[in-house]
Structures are given as C-alpha cells and as structure tokens.
Amino acid sequence: MSGASEKSKDTEDVQRPLRVLVVEDSEFDARMLVGLLKAGGFNPTFKRVETASQMDEALSREEWEVILADYNLPEFSAPEAIKVLRDSKLDIPFIIVSGGIGEDTAVSAMRAGAHDYLMKGNLARLVPAVERELRDAEVRVSRREAVKELRESEMRHRSLIENASDIILLLDSKGLIKFVSPACEKVLGKQDQELLGTNWFDHAEESVRDQLRDEYSRSLHQELINFSFEGRYIGLNGDSRVLDATAQNLLNDEAIEGVVLNVRDVTERLQTQAAIRESEEEFRVAREIQQHLFPKQSPSVDGFDIAGASRPAAATGGDYFDYLYTSDGQLVLAVADVSGHGAGPAMLMAETRAYLRILSRNRDHLGEILFRANNMVGEDVGKERFISMHLVKIDVKSKIIVQCSAGHTPGYIIGEKGKIKAKMKRTGMALGIMPDAEYEVEDLSKLEKGDIILLLTDGLAETANKEGELYGGQRVIEELHRNRDLSAAEIVDSVFEAVANFSGGGEQEDDYTMIVAKVL
C-alpha cells in the first residue's frame, strides 16, 4: 500500500494545475470534460456556469486559464459567452465543445473569438487543443510584455538621446583639438585631458589617417563653410568605430576661430544596414530555391487542361502544390498547407514534398499514402505545427476520380453552368497531429466535359478587405466560373488578381495556392 501511495503521489506531482471555467448546463458533461483533462496530465479545478451573469461574476472574482463552452444552453450560448469574455478584456483561451454544430456555425464562432471547437462525440483532441491554446496564450502574454518593455525602453532611449549630445570638437586649421565634449569618452573611451592639443586625425585608424587629413585640408583650402567626412577611429578596447563628422568652418570667426565638428557614431547603423542587405539576399535565394520545388510545368494529359500556382505571403511560404503519379500510373493533384508561413514552414513543406513523392511512386491508395505521410511528418513537426493536405486521383481514361483530405480546405467540382457538383470535404485529420490516423478515400461522380476541379488553400478565401470582410470560397468559385472559357493557367491568375484587388492593396496575410483542372 505504501508503494502504491508513493507512486500516486509522484503522478500527482507531475500533473499541471489547471483552472477551468466550464460554460455548461450539464454537470455530468462538465465533469466528463474535467475527467478527460485529468487523464491527459492536468490537475484541474473547475467552476461550472450556465448564464451570462454567472460567467461575468466568475471572471471578475477568479483567474481562469481556459474556458470550455457548450454551444447552446437553455439561457446562454457560446457566442454570448464570447461577448462576455471580450467585454471583460481578459485573454483566456475559449474552446467550444458541442454535441453538433455545422461547419459554418463553427467558423463563425472562430471569427467571433473562439480559439477552437470540438465535437462531444470525438474528444480525442481536447487535451492537445488545451495544451496548444495554453502555449499560444503564454506566447501572447510574452508578446504583450515584450511590447511593453520595448515601449518603455524606447522612451528611456529617447530621453537619453534628447538629453545627450554627439561628440563636439573644435579644431584648428591643422586638425589640433582645442575643445572636446564629454561624449567622446563614451564613444572612444578617451577623456578631454588625453585629447586636447592632439591631432584629431591621429586617433583614426592608420589606414585612413592621410585620406581624412587630405579631405579636411582640401575643404579648408576651398574655403568651404560646411563639409562632411566619414572614417574609422580606434575606440574603447581597441575596437573600430565608424564616425560621421559634419564640419562648420569658423576659422574667420573671432568668437570661435576654428572648425566645429559634430561627430556621430554610425557603426551600429551601418552594421544593421549590412545585416538587412544580407538577410534580404538570403530570403531572395530561399524564395528562388522554393519556387524551383514547385512543378516547372503542368502535366500534359489528353482531355484535361491543368494549371497551378502558389504565391507566398512572406519571402518563403508553407503552401505546396504538386502533380504526382501513383504506382498504377494515375495522376494525383496535390495541395497542402503547413501552419504558419516563412522559412520554417517552407523547410517543412520541402520535406513533405519529398515524402509524398516517394510514397506516391510506390503506392496507389490515397488513404495509405496519407497514413504513412502522417507518421513520417509527425516525427518532425512537433506539437507546434501541422500540415493539411488534399489529394485528388484522376483516371484520365475513364474520367473517374477519388479524393482524400487530411484536414484540408474543401475542394470543388464545378459544373459547366457554375453549379457545385461535388464538395470535397475532409476525410481525416491534418498530418502531424495524431500517429496512425486513418484516412478515408471518397469516390466521386464521373467527370463530364465542362467540369472544373478546384483545389486551393485557405489563404484565398480568408483574405480580408479594409472593412474586415473575407473574400470567401463562394467568390473564388464565382470568379472561376466567370473565366471558365480561359485556360486553366489564366483562371488561376484571374483569381489571384481578384483576391488582391479585393484586399485593396493590403498586406498579404497568408499564402495563396490553387490548382485548376478543366475537363475538355
């Protein structure tokens, strides 16, 4: 008994305390959620509320780390709970756990402020979702603290800059120092006693001394009133400092009788500019490399006109599209989206591309390809990222297609008159979330002449205009149908252009990627 007690105590010690506010009218359901959290490694304490006033009071009296909310309650709802949370000005992860809500309703709730939604019949994602949202909340707190510290630091530095002077020097015609301000000690580590009576240019690096003397002397002989020069000087601890000097010739002024130099240390500024140029070049090369990973040309298939393109939000992106052939010789259209954008997702995209190409060459079942890709990618992505992927396999002779989607944005088959003949929905979870996840293959109706297959990533539909309105999938479909008489490549370009115009020139927030396949 003693050993069992010690083991239980050790288990409790490693459990993370968690304060949970449950918006739920069922005590049983609330305790079930808390039990799942406890089984997942948390040590939760919770409070159940079922009205707006109860929730408002709970938020004002206690601190909570996560909110789990049913969508519909007799006197309350998840959208109303989101409004109560928003009015409280608190940043608490809000996860909807519902018995069954439509995809449009769930998306609307996410736009309103919910961080995730889960179905009560499938709570396997509860613990990972809570863990992810807790991490994201910590990141947001850290970001706010960093911004606050940055603003305070900027105010301090502004005060220092406003109350400090650049190095002020008074030189004679030969460059001998007649006066130097205390700021010189901060830059070069030399006090005025060391500098007075010495030649200012003797403190420059030996390689530029003669050049600086010549510039100074030539400017005086030309009787220039104002001139400038830049050179490297030996600073504190023997380091090299780049000093930019602006000179005013007052040798003929009886009150001054000398040349006044205002000297500024520009070393860090030049280093930053060099770093920016280097970074820009690195991103240019990275983008160029990534673009080479995309298909160089569309497949030439009798009876089809196929084209695809990707436009990253940053220099490099996390979207992917490809044309693959399975072991039975059938064509597969592939689109994928790594969460986030930038260099990290771009590297993961390249890795996923390699996996997928190897797997497709040796297999013909889309579900098995995604099953194995999920396990391979899952070892590399960690808990921070995931990959959604959509595969559509075409028998080019029979025009029969099947599809398999790992948590990806739905694709469509658009008929000749613009009607949606099929919406290709998710048939499994995104890659990298759960090992050994199964992926169902969906058989679709036979393609007909005039049909268009549309595959895309969510960046297109989720582009917002200046009023915050989203472009939406319906507009993508309508734009495609308006231009269906164009080539597949021209249709892709037209959609990209329409989305860019809709945003009103705003910054692209997410990657744009799509494939269009016309049945001729």
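Residues numbered from 1 in each chain as written. Predicted model: local features only at pLDDT ≥ 70, side-chain atom pairs only at ≥ 80, totals over all residues. Heavy atoms only, no water.

(A) Spotlight on the overall build of the chain. Counting its regular elements, the chain contains 15 helices and 22 strands. Here the C-alpha radius of gyration of the chain, 33 Å, is well above what a compact globule of 520 residues would show, namely 24 Å. In terms of overall dimensions, the chain has a C-alpha envelope of 95 × 70 × 50 Å along the principal axes. Burial status across the chain gives 43% buried among its 520 residues. By sequence separation, contacts in the chain at least 24 residues apart represent 63% of the contacts at least 6 residues apart. Charge separation in the chain, taken as the distance between the mean sites of 63 positive and 91 negative side-chain charges, equals 4 Å. (Helix = DSSP H or I, 4+ residues; strand = E, 2+ residues; numbered from the N terminus. Rg over C-alpha atoms; globule rule 2.2 N^0.38 Å. Buried < 20%, exposed > 50% of the residue type's maximum accessible area, 1.4 Å probe, protein only. Contact = heavy atoms within 4.5 Å. Lys, Arg positive; Asp, Glu negative; His and termini not counted. Charge placed at Lys NZ, Arg CZ, Asp CG, Glu CD.)

(B) The arrangement of the sheet that holds strand 3 (residues 66-69) in detail. Spatial strand order, 2-1-3-6-7: five strands in an open sheet with parallel pairing. Lying at the two open borders of the sheet, with one neighbouring strand each, are strand 2 (42-49) and strand 7 (116-119). Each neighbouring strand pair of the sheet contributes to a mean axis angle of 25°, computed without reference to strand direction. Here four bridges tie strand 6 (residues 94-98) to strand 7, and the two strands are oriented parallel to one another. Paired with Ser98 across the bridge in strand 7 is Met119. (Pairing = 2+ DSSP bridges. Axes fitted to C-alpha atoms, helices over the stretch in contact; angles between N-to-C directions.)

(C) How the structure looks around a nonpolar patch on the surface. On the surface, Phe28, Met32 and Leu36 cluster together into a nonpolar patch covering about 280 Å² of accessible area. Among the structural elements, Leu36 can be located in helix 2 (residues 27-39). For Leu36, a relative accessible area of 32% gives the class partly exposed. (Patch = residues over 30% accessible without salt bridge, like charges linked within 9 Å, V, L, I, M, F, W, Y side chains within 5 Å. Areas by Shrake-Rupley, 256 points an atom, 1.4 Å probe, with all protein chains shown as cover. Salt bridge = Lys/Arg side-chain N within 4 Å of Asp/Glu carboxyl O.)

(D) Looking closely at the confidence of the model for the chain. The predicted model of the chain has a mean per-residue pLDDT of 86, with 91% of residues at 70 or higher. Per-element confidence in the chain is highest for strand 21 (residues 452-456), whose mean pLDDT is 96, and lowest for helix 1 (residues 2-14), whose mean pLDDT is 48. In the model, residues 1-12 has pLDDT below 50 throughout and makes zero contacts with residues more than four positions away in sequence or in other chains. Within the model, pLDDT remains below 50 along residues 160-164, and this stretch shows zero contacts once partners closer than five positions in the same chain are excluded. (pLDDT = per-residue confidence, 0-100.)

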